[in-house]
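Inside the fold
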Amino acid sequence: MLKKFIGLISLFAATNVVAHDCTTLPTNHQRFIDGKQSGEFRVANDAGSAAITVNDSLTFEQYIVQTRSLIEARNKRAQLPCPLPHLALTQSAKVVDHIAPYQLKQANNDKAILLIHGLTDSPYIFSAVANDLYRQGFSVRTLLLPGHGTAADDLRHVSNRDWQQHVEYAIRRTAADFKQFAIMGFSTGAALTTIEVAKSRPENLGAIVLVAPATESHNKKSWLAQWVDWVPFMDWLDKDADLDFAKYESFPLAAAALVHNVMIKMMNTEVPSDLPILTILSDVDATIDSQATLKLLGRWAEKHRAEIALRLYANNQVAVSDSIAVTQVSQLAEVVDMSHVGLLLPPEHPYYGKQGHYRHCGSYFEDDDAYSACKAAKNITFGEHHAQNKATYKPLARVTFNPDYTGMMAQLFAFLDTHVK
């Protein structure tokens with residue numbers, strides 16, 4: 001009788017696990033509470049290294065296979081069902097399928113675009129953009145930065161050199177495999193792109209696209225992270241439940257130190273003057289100081305011979321160098337203003353969209369009741385989670401989609417079609 005009882009309990013537990021997938025975890029309030037305490041998804045499986053070794057002899061296909069194997073070994077949710085549309089799969093997808101690097105190849109090798117994500121993120125941030133660029137005739141490649149795609153704690157086990165080696169590899173590999181190409185970097189990925197291109201630009205690199213590039217943090221004391229991280233028991237800035245399968249919600253101090261080093265280099269770069277640049281950003285970005293970015297673009301524009309274009313999301317007039325071609329978007333449907341994390345995703349995105357499975361309530365992660373209310377609210381305001389919005393709108397969800405996605409992509413297509421033949 002006891003064995004039968006234990007068997008029933010085991011069956012119930014197994015059924016309960018299967019009932020959850022990557023789309024239901026973010027709405028499970030008890031998992032949120034328990035996860036903050038246990039750190040269940042904050043630390044990776046202790047299996048192998050947090051980064052693979054890359055070199056010029058590694059094909060991109062081999063890179064994908066090796067990186068996917070790393071994710072499968074270290075990510076505790078790698079095999080969790082994830083019933084979201086996938087670019088290259090017809091069968092049921094798992095978490096690993098959405099966050100591993102991939103490529104979408106055309107029948108020819110004429111033109112490609114390399115997509116590089118930002119800090120705490122994964123290639124899933126490009127899920128809509130990659131598909132649209134492929135339909136536009138580009139072969140598309142994505143990179144997974146070391147320390148990502150597994151668990152937030154892995155950011156404590158990689159270095160700036162690891163990041164730069166992978167970016168250098170992906171650029172050199174793409175330059176060798178295609179006649180002409182462009183690079184789109186998001187946030188930290190944009191900064192890493194700029195640093196590498198400034199150091200060594202491939203002849204067949206036609207343009208770069210910088211989305212909310214990591215120039216300066218709003219936290220002007222971020223430089224302290226590299227020293228505070230050495231203090232015992234001070235390893236984390238945020239300890240969240242990490243229920244978002246595609247992006248870390250917890251944030252280790254080591255990650256702040258890494259990105260600070262990248263931002264310092266970014267602000268001191270001098271890009272090739274004949275390289276066309278399109279930048280996309282929000283003036284109220286709560287992660288990156290957009291004024292620092294505009295200052296950097298203005299400095300580049302003083303000597304730049306090629307096009308520098310800017311798509312700027314701003315409700316008020318913003319001072320920008322006359323040498324920069326500015327497209328300002330002031331009104332966004334059903335959104336107060338544009339956030340750092342929403343630029344690259346359409347409103348209908350199945351996971352991060354307006355009615356998607358994931359609602360960004362991170363402003364309230366320290367208040368369980370407020371967090372739950374934000375997640376469950378039928379009427380909610382979407383916008384950037386800066387101080388003014390948080391004081392004015394309750395509950396406020398950080399907007400994870402762009403109502404202007406179609407307009408943004410039209411400008412992106414026109415820019416790339418001009419410079420990448």
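Residues numbered from 1 in each chain as written. Predicted model: local features only at pLDDT ≥ 70, side-chain atom pairs only at ≥ 80, totals over all residues. Heavy atoms only, no water.

What follows covers the overall build of the protein. Along the protein, the regular secondary structure elements total 13 helices and 12 strands. Over its C-alpha trace the protein gives a radius of gyration of 21 Å, about what one expects of a compact globule, namely 22 Å for 421 residues. Along the longest, intermediate and shortest principal axes, the C-alpha atoms of the protein span 80 × 55 × 45 Å. Here the protein holds 421 residues, and 56% of them are scored as buried. For the protein, the share of sequence-separated contacts (at least 6 apart) that also reach a separation of at least 24 residues comes to 74%. Counting only carbon and sulfur atoms, one obtains 53% of the accessible surface of the protein, whose full area is about 18,400 Å². Taken as two groups, the 39 positive and 44 negative side-chain charges of the protein have centres that lie 3 Å from each other. (Helix = DSSP H or I, 4+ residues; strand = E, 2+ residues; numbered from the N terminus. Rg over C-alpha atoms; globule rule 2.2 N^0.38 Å. Buried < 20%, exposed > 50% of the residue type's maximum accessible area, 1.4 Å probe, protein only. Contact = heavy atoms within 4.5 Å. Areas by Shrake-Rupley, 256 points an atom, 1.4 Å probe, with all protein chains shown as cover. Lys, Arg positive; Asp, Glu negative; His and termini not counted. Charge placed at Lys NZ, Arg CZ, Asp CG, Glu CD.)

Counted by the stated rule, this structure contains 17 salt bridges. The closest approach of N and O atoms between K36 and D368, which form a salt bridge, is 2.7 Å. Taken as a pair, K36 in helix α2 (residues 29–38) and D368 in helix α11 (residues 368–376) lie far apart in primary sequence, 332 residues in all. Since its relative accessible area comes to 14%, K36 is described here as buried. Between R173 and D177 there is a salt bridge, and its shortest N-O distance comes to 3.1 Å. Taken as a pair, R173 and D177 lie in helix α6 (residues 160–177) at a separation of 4 residues, close to a single helical turn. Its relative accessible area of 17% is what places R173 among the buried residues. The class for D177 is partly exposed, based on a relative accessible area of 23%. Each of R68, E72 and D97 takes part in one network of salt bridges that share partners. (Salt bridge = Lys/Arg side-chain N within 4 Å of Asp/Glu carboxyl O.)

What follows deals with the nonpolar core. By size, the foremost hydrophobic cluster in this structure holds 133 residues, and its most contacted members are Y63, M184, F245 and L416. Excluding its chain neighbours within four sequence positions, the residues that come into contact with L416 are I113, L133, F138, A182 and V209. (Core = buried A, V, L, I, M, F, W, Y, C linked by side-chain atoms within 4.5 Å.)

For the structure on display, the rule yields 11 aromatic pairs. Ring plane angle 5° and centroid distance 3.6 Å describe the contact between F32 and Y371, whose orientation is recorded as stacked. Within this pair, whereas F32 is found in helix α2, its partner Y371 is found in helix α11, the two being separated by 339 residues in sequence. An identical accessibility class is assigned to F32 and Y371; each is buried. Three or more aromatic residues joined by ring pairs make a cluster, and in this case those are Y124, F245, Y351, Y352 and Y358. Seen from the ring of W236, R42 lies directly overhead, with NZ or CZ sitting 5.8 Å from the centre. (Phe/Tyr/Trp six-rings, centres within 6.5 Å; stacked < 30°, edge-to-face > 60°. Lys NZ or Arg CZ within 6 Å of the ring centre and 35° of its normal.)

Turning to the pairing of strand β5 (residues 205–211), a few remarks are in order. Counting buried positions over the 7 residues of β5 gives 7, a clear majority of the element. Two strands pair when backbone bridges link them, and strand β4 (residues 180–186) and β5 are joined in this way by 6 bridges, in the parallel orientation. Residue pairing across strands places A182 opposite A207, the latter belonging to β5. A crossover links β4 with its parallel partner β5, the connecting element being helix α7 (residues 188–199), and its sense is right-handed. Looking at chain direction, β5 and strand β8 (residues 277–282) are connected through 4 bridges and run parallel. Across the sheet, residue L210 finds its bridge partner in β8, namely T279. (Pairing = 2+ DSSP bridges. Right-handed = clockwise from strand over helix to strand, strands pointing away.)

Once that is clear, we can look at empty space enclosed by the protein. Throughout the structure, instances matching the rule amount to 2 cavities of 30 Å³ or more. Considered as a void within the structure, the largest cavity measures approximately 90 Å³ in volume. If you trace the largest cavity, you find 15 residues lining it, with T150, F245, A246, K247 and Y248 closest to the centre. The space that makes up the second largest cavity amounts to roughly 70 Å³. Top contributing element to the lining of the second largest cavity by residue count: helix α3 (residues 60–74), with 3 residues. Per-class residue counts for the lining of the second largest cavity are 8 nonpolar, 4 polar and no charged. (1 Å grid on protein atoms, 1.4 Å probe; cavity = no way out; pocket = protein on both sides within 12 Å on 5 of 7 lines; lining within 4 Å. Points joined across faces, edges and corners; volume = space filled by probe spheres on them. Nonpolar A, V, L, I, M, F, W, Y, C, P; charged D, E, K, R; others polar.)

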